[in-house]
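Inside the fold
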Amino acid sequence: QVQLVESGGGLVQPGGSLRLSCAASVSILSINTLAWYRQAPEKQRELVAAITSGGSTNYAGSVKGRFTISRDNAKNTVYLQMNSLKPEDTANYYCNARVALVNAYWGQGTQVTVSA
């Protein structure tokens, strides 16, 4: 069982920045893909960014150029640096880890609210 704990959410003004962290209970070298998803009320959960064990990254078009996903293997942590935040970025952000082919794990989420 892989446990994931998110942190770093909060209230920020439009144009501001936040950095989300997701700490894993196992070495992230054993995790095939780490990803951030988000879900706003009454909306589908959507992929925001992902990074593979090989270092390849993928971003949703709506955040490309503003968000950066990265990892620190020594700390077993994946980050999401969010810059130039917009009100439409407001959502609960979830960390996701995929191990092997069919095993996936989720954190509890951290709320990000972008408002003046």
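Look a little higher up for the structure.
Conventions we followed
- Residues numbered from 1 in each chain as written.
- Predicted model: local features only at pLDDT ≥ 70, side-chain atom pairs only at ≥ 80, totals over all residues.
- Heavy atoms only, no water.
- Buried < 20%, exposed > 50% of the residue type's maximum accessible area, 1.4 Å probe, protein only.
- Helix = DSSP H or I, 4+ residues; strand = E, 2+ residues; numbered from the N terminus.
- Pairing = 2+ DSSP bridges.
- Contact = heavy atoms within 4.5 Å.
- Axes fitted to C-alpha atoms, helices over the stretch in contact; angles between N-to-C directions.

**Some words on the pairing of strand β4 (residues 33-39)**
Regular strands place their side chains on alternate faces of the sheet. Among the 7 residues that make up β4, 5 are buried, leaving the element largely enclosed by the rest of the structure. In this sheet, strand β5 (residues 46-52) lies alongside β4 in antiparallel orientation, the contact comprising 6 bridges. Looking across to β5, one finds that R38 is bridged to E46. Note: β4 against strand β9 (residues 91-99), 7 bridges, orientation antiparallel. Bridge assignment links T33 to a residue of β9, and that residue is R98.

**Here's the deal with the environment of T52**
Mapped onto the fold, T52 is located in strand β5. Taking relative accessible area as the criterion, T52 reaches 27% and is therefore assigned partly exposed. Placed 20 residues apart in sequence, T52 and N32 show a C-alpha to C-alpha distance of 5.7 Å. Residues within four places of T52 in sequence aside, it is in contact with N32, T33 and R71.

**Digging into the sheet that holds strand β3 (residues 18-24)**
Strand order in this open sheet of 4 strands is β1-β3-β8-β7, and the pairing throughout is antiparallel. Edge positions in the sheet fall to β1 (4-7) and β7 (67-72), since each of these pairs with one other strand and no more. Adjacent strand axes in the sheet meet at a mean angle of 15°, parallel and antiparallel pairs treated alike. In this sheet, strand β8 (residues 77-82) lies alongside β7 in antiparallel orientation, the contact comprising 6 bridges. Its bridge partner lying in β8, R71 is registered against V78.

So, to be careful, I would describe these as geometric facts and stop short of saying anything about function.
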